[in-house]
Amino acid sequence: QVQLVESGGGLVQPGGSLRLSCVASGRTFSIYDMVWYRQAPGVQRELVATVTVGGTTNYADSVKGRFTISRDNSKDTLYLQMNSLKPEDTAVYFCNVYPFTILNYWGQGTQVTVSS
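In this text, all values refer to a predicted model and were calculated from it rather than measured experimentally.

Calculation rules
- Residues numbered from 1 in each chain as written.
- Predicted model: local features only at pLDDT ≥ 70, side-chain atom pairs only at ≥ 80, totals over all residues.
- Heavy atoms only, no water.
- Helix = DSSP H or I, 4+ residues; strand = E, 2+ residues; numbered from the N terminus.
- Rg over C-alpha atoms; globule rule 2.2 N^0.38 Å.
- Buried < 20%, exposed > 50% of the residue type's maximum accessible area, 1.4 Å probe, protein only.
- Contact = heavy atoms within 4.5 Å.
- Areas by Shrake-Rupley, 256 points an atom, 1.4 Å probe, with all protein chains shown as cover.
- Lys, Arg positive; Asp, Glu negative; His and termini not counted.
- Charge placed at Lys NZ, Arg CZ, Asp CG, Glu CD.
- 1 Å grid on protein atoms, 1.4 Å probe; cavity = no way out; pocket = protein on both sides within 12 Å on 5 of 7 lines; lining within 4 Å.
- Points joined across faces, edges and corners; volume = space filled by probe spheres on them.
- Nonpolar A, V, L, I, M, F, W, Y, C, P; charged D, E, K, R; others polar.

A. Quick peek at the overall build of the protein. Summing up its helical and strand segments, the protein has zero helices and ten strands in all. Shown N-terminal to C-terminal, the secondary structure of the protein runs as helices and strands in the order β-β-β-β-β-β-β-β-β-β. Taken over C-alpha atoms, the radius of gyration comes to 13 Å for the protein, in line with the 13 Å a tight globule of 116 residues would show. Reported as C-alpha extents along the three principal axes, the dimensions of the protein are approximately 40 × 25 × 20 Å. Per-residue burial over the protein gives 41% buried out of 116 residues. Within the protein, contacts between residues separated by at least 24 positions form 54% of all contacts whose residues are at least 6 apart in sequence. Here the protein has roughly 6,000 Å² of accessible surface; of this, 48% comes from carbon and sulfur atoms. If the 9 positive side-chain charges of the protein are averaged to one point and the 8 negative ones to another, these points end up 1 Å apart.

B. Spatial organisation of empty space enclosed by the protein. Per the counting criterion, the structure on display carries one cavity of 30 Å³ or more. Surrounding the largest cavity, Cys-22, Ala-24, Phe-29, Met-34, Arg-71, Asn-73, Asp-76, Thr-77 and Leu-78 form its lining. Looking at the lining of the largest cavity, the elements with two or more residues in it are strand E3 (18-25) and strand E8 (77-82). Partitioned by chemical class, the residues of the lining of the largest cavity number five nonpolar, two polar and two charged.

Take a look at the structure:
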């Protein structure tokens, strides 16, 4: 059974940092491109960052230069290092494979709140 478990969110002040983790199980995830999405209240889910099987990364313009996506295939774990956080980064963050239709599954996500 596929499982994606996100963690590492929390409340942080503007300018602060957080590191999100996503532990995947139930399938061999090293063969998939992996992504982080986020969803703020009343807003459509947004693709934040992508890391390919080969390690190539891409970012939404809104997070470029501040966020870093990485993966550890030996641990089936995906990471998102978030620096210089802004209030507009507040959202629930989800990991998934790309495209997410491969799994047709979403984890619970992890809440990130950036506020003073």
